[in-house]
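What follows is each chain in one-letter form.
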Amino acid sequence: MTPPVKARSGHILLDPKRSYKDLVRVYPEIYRKVVEANRPFFKETEPTMPDVLLEENLRDLRADRKPAGYNRPDAFGMRLIFPLVDPKRSEFYFSKPARGQEVVQITEQVSQLLRRRGLKHVVEYDRLQLGTPRSPPGFPTPSASSSGS
């Protein structure tokens, strides 16, 4: 499958026989890619925060637990999320608030890294369920059907 040019999220679903523990060897490199993608949004007041988060995530992976990932409060930053979708399958994804090439690029780079390390996986894009549309307070909620009849 050819990857899209732009995406809001890039999902990597590990083979069902794999677990979080299998990511221990490659996770530092995946994490560094996300930190580098966020360099323009990095706050100088938190210089050791990425290192601390990396160690916490590695501790969880070694114990075969779902790690926290990288979900910093940067408005336009790249996020690395480990969702709780299917307890039988380890999954993570990269996302940004707007569709962009960066999400596709980092997803494809990490996919190549995992293939080189022999970790079977599937890549999918824009699988996020964003929920129902919302309106600002005081305005009617948009609905799927129009009430013009």
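What you are looking at is a predicted structure, and each value in this text was computed from that prediction instead of being measured. (Residues numbered from 1 in each chain as written. Predicted model: local features only at pLDDT ≥ 70, side-chain atom pairs only at ≥ 80, totals over all residues. Heavy atoms only, no water.)

J.: Can you break down the packing of aromatic side chains residue by residue, with the values?
T.: The geometry of an aromatic ring pair is captured by two quantities: the separation of the ring centres and the angle between the planes. Throughout the structure, instances matching the rule amount to six aromatic pairs. The interplanar angle of 65 degrees and the centroid separation of 6.0 Å between the aromatic rings of Tyr20 and Phe82 together place this pair among those described as edge-to-face. With Tyr20 in the loop between β1 (7–14) and α1 (27–37) and Phe82 in the loop between β2 (79–81) and β3 (91–100), this pair connects stretches of sequence that are 62 residues apart. We classify Phe82 as buried; its relative accessible area is 4%. Ring plane angle 75 degrees and centroid distance 5.7 Å describe the contact between Tyr31 and Tyr70, whose orientation is recorded as edge-to-face. Placement of Tyr31 in helix α1 and of Tyr70 in the loop between α2 (49–62) and β2 is noted, with a sequence separation of 39 residues between them. A residue is classified by how much of its surface remains accessible, and Tyr31, at 2% relative accessible area, is buried. Looking at Tyr70, the relative accessible area reads 4%, which means it is buried. (Phe/Tyr/Trp six-rings, centres within 6.5 Å; stacked < 30°, edge-to-face > 60°. Helix = DSSP H or I, 4+ residues; strand = E, 2+ residues; numbered from the N terminus. Buried < 20%, exposed > 50% of the residue type's maximum accessible area, 1.4 Å probe, protein only.)

J.: Help me get a handle on the confidence of the model for the protein chain, residues and values and all.
T.: The pLDDT averaged across the protein chain works out to 84; a share of 79% of its residues lies at or above 70. Mean pLDDT across the elements of the protein chain ranges from a minimum in α2, with 91, to a maximum in helix α3 (residues 101–116), with 96. Note on residues 144–149: pLDDT is under 50 here. Beyond four places in sequence and across chains, it has zero contacts. (pLDDT = per-residue confidence, 0-100. Contact = heavy atoms within 4.5 Å.)

J.: Residue-level account of the packing of α1 against α2, with values.
T.: Packed helix pairs are characterised by how far apart their axes lie and by the angle those axes make with each other. In contact at an axis separation of 11 Å, α1 and α2 are set at 145 degrees when each is read in the N-to-C sense. Both α1 and α2 take part in a crossing whose hand is right-handed. Contacts from Tyr27, Pro28, Tyr31 and Val35 in α1 reach Met49, Pro50, Leu53, Leu54, Asn57, Leu58 and Leu61 in α2. When grouped by side-chain class, the residues that make up the contact of α1 with α2 number ten nonpolar, one polar and no charged. (Axes fitted to C-alpha atoms, helices over the stretch in contact; angles between N-to-C directions. Left-handed = near helix turned anticlockwise from the far one by under 90°. Nonpolar A, V, L, I, M, F, W, Y, C, P; charged D, E, K, R; others polar.)

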